[in-house]
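Chain residues, written in single-letter form:
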Amino acid sequence: MFVDHIKIHATAGHGGRGCVAFRREKFVPRGGPSGGDGGRGGDIVLVTDANIDNLVDFYYQPNLRAKAGEPGSGKNCYGRAAEDQIYKVPIGTLVYRMPFERISEEPAPRDTSAYVNLETLTDEEVATFQGKKSRPRVDLGELELIADLTEPGQTFILCKGGGGGKGNVHFKSSKNRVPTQFTDGEEGEEGEYYVELRKIADAGLVGYPNAGKSTLLSRISNAHPRIAPYPFTTLTPHIGVVELPPYDRITVADIPGLIEGAHTNVGLGHDFLRHIVRCKLLIFVLDMAGSEGREPIDDLQKLRKELDLYDPMLSERQWIVVANKMDLPEAEEKLAHFRTRYKKLEIFPIGSNTDDGIPQLIKRLGELVLPAPKPF
Ligand SMILES: Nc1nc2c(ncn2[C@@H]2O[C@H](COP(=O)(O)OP(=O)(O)OP(=O)(O)O)[C@@H](O)[C@H]2O)c(=O)[nH]1
Ligand SMILES: [Mg+2]
């Protein structure tokens, strides 16, 4: 399963309680207070790991918890601090804080959905109970972005554990030789968060299903995505590394096919576009032969419109077009027509049976994506 956005709940550990104790030893009358402090509660820490590629762990475990610190004890002993709870996340993880109120102590009402007779419900209600109804997109504009983890091994403390409480040694004074005061440990931070993965790649492939995006990725990079003659072969994003001899490399993201109306959840919707939001360059892959009965000019316009509907920033991004399936008969004619319509556009014609156009495309990707070399 591939999970790229999920709501989680995190509770850091509470601090341990301070202790009330008095020194009791032979020949030491009135030994004075000796209650130690409680230990610190554990933090909840997120750390990026290059070996993890999605947020599925949080799907199975959306409740993150760290342990409480141990209470202090007599003989001035501090309670042991709880260990931090570390959760691995993929590189490219964003964390947003959601509005949160601590849940009251009342027991939660029983979930009756397990006992509902589906036959008595409307279709819409059935879809909701079966979890098929698409959930409304979380409006990120209203949420506060608190972390953007883009480097391997980057850590972020999501919730801080509470400090330990004070033992009664802290309350002794000249007036109060036998203090019985102590403090409870502080509560650990708690909150609800929306965690989103936006893969980090230099360029992103955008196109209709079956346009040949995965085929292109397999030819320019080390990736081996699934390629098949049916739409929506690619269901989750893949990243391929393109080698640019002698020393450079760039990353290209292949995402599921996009279709007109994706913003209304047609096809796979357009939620997966989150993975190209960070790409510097967008590569539109068009079926230039119109092998599925569509016109390449229409395709491009519709794809660009979907991108704009998803995020208007995307339509301002630098873009090029790969004219694919040039080996098929009608492609040349359609390409000529396409060129007259888009005179200034950079177009790279390629076909599956020859390597024509691939080296030029790779070279150009490097020029567009890599920073310009510094003069000596
Ligand atoms: N004739 C011809 N067929 C191609 C070419 N490129 C890809 N195909 C075929 O088109 C079909 C779809 O290719 P994919 O690479 O899976 O397409 P995709 O865009 O990744 O499709 P989705 O993952 O479903 O969105 C496959 O049967 C490929 O063999 C090409 O240049 N010429
Ligand atoms: Mg594909």
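A.B. asks: Would you explain the overall build of the chain in this entry?
C.D. replies: Regarding its fold elements, the chain presents 6 helices and 14 strands. Within the chain, buried positions represent 37% of all 376 residues. Contacts spanning at least 24 positions in sequence make up 74% of the contacts within the chain whose residues lie at least 6 apart.

A.B. asks: Please clarify how helix α4 (residues 296–310) should be interpreted in this entry.
C.D. replies: Think of an α-helix as turning once every 3.6 residues; residues three or four places apart then point the same way. The terminal C-alpha atoms of α4, which comprises 15 residues, lie 21 Å apart, in line with the 21 Å expected from a rise of 1.5 Å per residue. If you check which residues of α4 are buried, you get Pro-296, Asp-299, Leu-300, Leu-303, Glu-306, Leu-307 and Tyr-310. For α4, the arc enclosing every buried residue in end-on projection is 130°, short of the 170-degree limit, so these residues lie on one face. Against the buried residues of α4 lie β9 (203–207), β12 (281–287), β13 (318–324) and α5 (331–341).

A.B. asks: Looking at this structure, I do not really get the site of ligand 1. What am I missing?
C.D. replies: Near ligand 1 lie 23 residues; those nearest to it are Gly-212, Ser-214, Thr-234, Gly-257 and Ser-352. Looking at the shell around ligand 1, the element that brings in the most residues is helix α3 (residues 213–220), giving 3 residues. Classifying every residue of the shell around ligand 1 by side-chain character gives 9 nonpolar, 11 polar and 3 charged.

The rules behind these values
- Residues numbered from 1 in each chain as written.
- Chains lettered and ligands numbered in written order.
- Predicted model: local features only at pLDDT ≥ 70, side-chain atom pairs only at ≥ 80, totals over all residues.
- Helix = DSSP H or I, 4+ residues; strand = E, 2+ residues; numbered from the N terminus.
- Buried ≥ 20, exposed ≤ 12 C-beta atoms within 10 Å, placed from the backbone.
- Contact = placed C-beta atoms within 7 Å.
- Expected span 1.5 Å × (residues − 1).
- Arc of directions from axis to C-beta.
- Near = placed C-beta within 6 Å.
- Nonpolar A, V, L, I, M, F, W, Y, C, P; charged D, E, K, R; others polar.

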